[in-house]
Amino acid sequence: MNAYAAMKQYQTVNVNAQVSEADPHRLIQMLMEGGLQRIAQAKGAMQHGNVALKGERIGKALGIIGGLREALNAEKGGELALNLDRLYAFMQDRLTQANLKNDVSMLDEVADLLREVKAGWDGIRQS
């Protein structure tokens, strides 16, 4: 097993352990962190002309944001949940457009929005 494969295996085990021990609040934080990481990876791939990796990472970011949308509870969250759903839908659209147009600024826009939502989410625990 080469060093890269060993590192990937360790990361998978580490993430699985974190997920199994996480409460719902932490799981959402982990999704947001993962989304931000995938967007950053897509940006790097885009800047280096790695089309396959760019598409893969944007696809993973789209899936993560889809997971965030699915986690919303409109019944309990009311207007806030509906607004977040619209924002996540906008993010998904921008990621798709970024992929099609090879536009780094759209990736940055989504990352900024996701960081802002994450900062609010993180603040819930500190209150």
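Residues numbered from 1 in each chain as written. Predicted model: local features only at pLDDT ≥ 70, side-chain atom pairs only at ≥ 80, totals over all residues. Heavy atoms only, no water.

Spelled out, the test is: UniProt positions are given in the numbering used here, feature names are shortened, and annotations may be inferred rather than shown by experiment.
Per an unreviewed UniProt entry, the recorded name for the protein chain is Flagellar secretion chaperone FliS, and the organism is Halopseudomonas aestusnigri. What UniProt records for the protein chain under Subcellular location (unreviewed entry) is the sentence "Cytoplasm, Cytosol".

## Quick notes on the overall build of the protein chain
Convention followed: Secondary structure follows DSSP: runs of H or I at least 4 residues long count as helices, runs of E at least 2 residues long count as strands, and numbering of each begins at the N terminus. In what follows, residue pairs with any heavy atoms lying within 4.5 Å of each other are defined as contacts. Using a 1.4 Å probe, accessible areas were evaluated by the Shrake-Rupley method; residue-level cover was limited to the displayed protein chains.
Regarding its fold elements, the protein chain presents 5 helices and 0 strands. Starting at the N terminus and ending at the C terminus, the protein chain contains elements arranged as α-α-α-α-α. Sequence-distant contacts, at least 24 apart, represent 59% of the contacts inside the protein chain between residues at least 6 apart. Carbon together with sulfur atoms contributes 54% to the accessible area of the protein chain, which is approximately 7900 Å² in total.

## Structural notes on the pattern of salt bridges
Side chains that differ in charge, positive against negative, can pair when their charged atoms come close. Selection criterion: What counts as a salt bridge is simple: a side-chain nitrogen of Lys or Arg found within 4 Å of a carboxyl oxygen of Asp or Glu. Each residue is assigned to one of three classes by its accessible area relative to the maximum for its type, calculated with a 1.4 Å probe on protein chains only: buried under 20%, partly exposed between the two thresholds, exposed over 50%.
Applying the stated rule across the entire model yields 8 salt bridges. The closest approach of N and O atoms between glutamate 109 and arginine 94, which form a salt bridge, is 2.7 Å. Highlighted residues: glutamate 109 in helix 5 (residues 104–126) and arginine 94 in helix 4 (residues 74–101), separated in sequence by 15 residues. Given a relative accessible area of 26%, glutamate 109 falls into the partly exposed group. On the accessibility criterion, arginine 94 (23% relative accessible area) is partly exposed. A salt bridge links aspartate 122 to lysine 118; the nearest nitrogen and oxygen atoms lie 2.6 Å apart. Of the two residues, aspartate 122 and lysine 118 are both situated in helix 5; the distance of 4 residues between them amounts to about one turn of the helix. Classification of lysine 118 by relative accessible area gives buried; the value is 14%.

## Concerning helix 3 (residues 51–71)
The following threshold applies: Helix span is expected to be 1.5 Å times the residue number reduced by one.
Across its 21 residues, helix 3 extends 30 Å between first and last C-alpha, which sits within 8% of the 30 Å expected from 1.5 Å per residue. Listed in full, the buried residues belonging to helix 3 are Lys54, Arg57, Ile58, Ala61, Ile64, Ile65, Gly66 and Leu68.

## As for the nonpolar core
Within soluble globular proteins, side chains that are nonpolar generally end up buried alongside one another. Our working definition: Definition used in this section: a nonpolar core is a set of buried Ala, Val, Leu, Ile, Met, Phe, Trp, Tyr and Cys residues joined via side-chain atoms within 4.5 Å.
Membership of the largest hydrophobic core comes to 21 residues, with the highest contact counts inside it found for Met32, Ile39, Tyr88, Met91, Leu95, Leu107 and Leu114. Looking at this core, the elements with two or more residues in it are helix 2 (24–47), helix 3, helix 4 and helix 5.

## Remarks on unusual backbone geometry
Of note, the phi angle at asparagine 102 is positive, near 55 degrees, even though the residue is not glycine. Asparagine 102 sits in the partly exposed class, given a relative accessible area of 43%.

## Digging into the environment of isoleucine 124
With respect to the secondary-structure elements, isoleucine 124 resides in helix 5. On the accessibility criterion, isoleucine 124 (46% relative accessible area) is partly exposed. For isoleucine 124 and histidine 25, which are 99 residues apart along the polypeptide, the C-alpha to C-alpha distance reads 9.1 Å.

## Describing the packing of helix 2 against helix 3
In helix packing, the relevant descriptors are the interaxial angle and the interaxial distance, both defined with respect to the helix axes. This is how it is decided: For helices, the fitted axis covers only the stretch in contact; all axes are lines through C-alpha atoms, and the angles between them, taken along N-to-C directions, range from 0 to 180 degrees. The labels follow the angle: roughly parallel below 35 degrees, roughly antiparallel above 145, roughly perpendicular from 65 to 115, and oblique for the rest. By definition, turning the near helix anticlockwise from the far helix through less than a right angle yields a left-handed crossing, and turning it clockwise yields a right-handed one. Following the grouping adopted for this structure description, the nonpolar residues are Ala, Val, Leu, Ile, Met, Phe, Trp, Tyr, Cys and Pro, the charged ones are Asp, Glu, Lys and Arg, and the polar ones are all others, Gly among them.
At a minimum axis separation of 8 Å, helix 2 and helix 3 run at an interaxial angle of 160 degrees. When the axes of helix 2 and helix 3 are compared, the pair comes out roughly antiparallel. Here the hand of the crossing between helix 2 and helix 3 comes out left-handed. Across the interface between the two elements, Ile28, Leu31, Met32, Gly34, Gly35, Arg38, Ile39, Gln41, Ala42, Ala45 and Met46 from helix 2 touch Leu53, Lys54, Arg57, Ile58, Lys60, Ala61, Ile64, Gly67, Leu68 and Ala71 from helix 3. Residue composition of the contact of helix 2 with helix 3, grouped by class: 13 nonpolar, 4 polar and 4 charged.

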